[in-house]
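Listed below, chain by chain, are the residues.
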Amino acid sequence: MGLKERIVEKAGELGLSPVGVTEARPLPAEREMLSALERAGEPIPFTPADAALRTDPRRVWPEARTIIMVGLPFAVASPPEPRGLTGYLASGTEGPDYHLVLREKLTALDAFIRAEAPKSACYSFVDTGPLIERPLAWRAGLGVWGENTFLLSPKGGPAFFLGGLMLNIPLEPDEPRGNFCLRCGRCRAACPTGAISRPFHLQPGSCLSYLTQIKGEVPHAFRPLLGNRVYGCDTCLVACPLVRKSPRAGAEVDLSEVLSLNRAGFLARFGRTAAGWRGRTVLQRNAAYALGNLGDPAAVPILTGLLNDPRPVLRAAAVWSLGRIGGVAARQVLERHRERETDEEVRKELALALT
Ligand code: B12
Ligand code: SF4
Ligand code: SF4
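Attention here is on the structure that accompanies the text.

What counts, and at which threshold
Residues numbered from 1 in each chain as written. Chains lettered and ligands numbered in written order. Predicted model: local features only at pLDDT ≥ 70, side-chain atom pairs only at ≥ 80, totals over all residues. Heavy atoms only, no water. Helix = DSSP H or I, 4+ residues; strand = E, 2+ residues; numbered from the N terminus. Rg over C-alpha atoms; globule rule 2.2 N^0.38 Å. Contact = heavy atoms within 4.5 Å. Areas by Shrake-Rupley, 256 points an atom, 1.4 Å probe, with all protein chains shown as cover. Lys, Arg positive; Asp, Glu negative; His and termini not counted. Charge placed at Lys NZ, Arg CZ, Asp CG, Glu CD. Axes fitted to C-alpha atoms, helices over the stretch in contact; angles between N-to-C directions. Left-handed = near helix turned anticlockwise from the far one by under 90°. Near = heavy atom within 4 Å. Nonpolar A, V, L, I, M, F, W, Y, C, P; charged D, E, K, R; others polar. Salt bridge = Lys/Arg side-chain N within 4 Å of Asp/Glu carboxyl O. Buried < 20%, exposed > 50% of the residue type's maximum accessible area, 1.4 Å probe, protein only.

### With respect to the overall build of the protein
Counting its secondary structure elements, the protein contains 16 helices and nine strands. Its C-alpha radius of gyration of 23 Å places the protein within 12% of the 20 Å reference for a compact globule of 355 residues. Referenced to the eigenvectors of the C-alpha coordinate spread, the extents of the protein come out at roughly 75 × 40 × 35 Å. Long-range pairs, those at least 24 residues apart, make up 74% of the contacts in the protein with a sequence separation of at least 6. Total accessible area computed for the protein in this model is approximately 16,200 Å², and 54% of it derives from carbon and sulfur atoms. Across the protein, 44 positive and 37 negative side-chain charges occur, with their mean positions spaced 1 Å apart.

### Some points on the packing of helix 14 (residues 312-325) against helix 15 (residues 328-338)
A pair of packed helices is captured by two measures, namely the crossing angle of their axes and the spacing between those axes. Running from amino to carboxyl end, helix 14 crosses helix 15 at an angle of 145°, the nearest separation of the two axes being 9 Å. Regarding helix 14 and helix 15, the two cross each other, and that crossing is left-handed. Across the interface between the two elements, Arg315, Val319, Leu322 and Gly323 of helix 14 pack against Ala330, Val333, Leu334 and His337 of helix 15.

### Concerning the site of ligand 2
The environment of ligand 2 is formed by Cys191, Pro192, Ala195, Ile196, Leu202, Cys207, Leu208, Cys233, Thr235 and Cys236. Partitioning the shell around ligand 2 into residue classes produces nine nonpolar, one polar and no charged.

### Describing the pattern of salt bridges
Evaluated as defined, the whole model comprises 15 salt bridges. In this structure, Arg188 and Glu147 form a salt bridge, with 2.7 Å as the shortest nitrogen-oxygen distance. Of the two residues, Arg188 sits in helix 7 (residues 186-190) while Glu147 sits in the loop between strand 5 (144-145) and strand 6 (151-152), which places them 41 residues apart along the sequence. Classification of Arg188 as partly exposed rests on a relative accessible area of 30%. For Glu147, a relative accessible area of 3% translates into the label buried. When salt bridges that share partners are traced, they join Glu147, Arg183 and Arg188 into one network.

Written as structure tokens, this is what we have:
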């Protein structure tokens, strides 16, 4: 067995799938795509603006010759019907944080490679590095492009997160696996906001996954569309016939419990999940919107309690949700709160909720 085969076998033993190899050469088409998006005023959130850096592995690590791209499969399941006051975390975000899991596995693979090829050196990356990962993984033969912008298993496997390991030694590259998904359009039809405005193109500003991660307030037009999402969105993944579904229902969370977490409690519950990376206030704001969207008057006492929170963004979310639930009890709470609210933004929200 050659070195590449031994590495691929080891990666499989570590639970990584799919696995493929590509050369550490630049991605000129993606460089142009990212530059065009920047010029059009549609920058990609949470990533550096430098298109050259994002698409050239050697700018990130000059020694790079080869990249091993790996997938970490995760179970995709239909969101459960909300039972009582529950929220939803997107598939793969509720359990151990995939960044940590992948990093651990890549470190083990790195150690294996350095033992097999003592002159080699490795550099790993998972999601938060500058490199644009999906096109590298496509080139390494991991999957096909989905219209929903995912890289998908070509024959209907589980969905997977991505990571990569750059090496300073050459390895035989793999071939891309054909181009496209079934082109059935079900993902685009299922998207609640129309964020996949055309095949293979996602507008992050109207993607609910993005909106559950931003700080501050979510624009009014999108709040009802968030439903009971507390973190992330996977509707366009669940809708895809190429993605094998897990019979296990998606992850539910008790919304009042999320809202009651103090800093230490939040760290214990979400600190090691992918859902927790934007912090307590963002998830609690989403939980407050979710209570409004569920429309159950049983949430009025919880939202009333939230009006005492020192964070204006949470008080504003509680006001919006009380207005959305409506009814005499919610209105009385809002009117009483108007007498003592001092924050300008929350007062604007109150004025809207009471008209
Ligand atoms: C910024 C970001 C987001 C943003 C914007 C996403 C976007 N589509 O641009 C937001 C916050 C919305 C987001 C959401 C999600 N994300 Co995200 N995100 C990223 C991140 C950090 C950068 C993506 C980026 O640069 N996009 C810019 C666009 C232009 O590039 P792209 O999306 O990678 O791929 C496009 C182009 O490459 C183009 N393309 C290029 N060459 C070619 C060639 C052909 C022939 C075709 C047709 C197309 C094509 O097609 C793609 C679609 O436009 C990556 C990690 C990374 N460092 O790369 C993760 C990543 C893409 N996200 C991921 C995931 C899992 C998610 C969520 C499911 C999280 C969640 N549960 O809510 C959602 C799903 C939303 C969706 N439908 O994609 C995974 C995707 C895994 C996979 N198998 O595809 C990644 C790779 C993270 C990881 N390491 O696993 N994400
Ligand atoms: S993640 Fe949700 S909002 Fe974003 S494109 Fe997919 S279905 Fe639409
Ligand atoms: S739902 Fe259809 S069009 Fe969308 S990614 Fe899946 S196969 Fe492609």
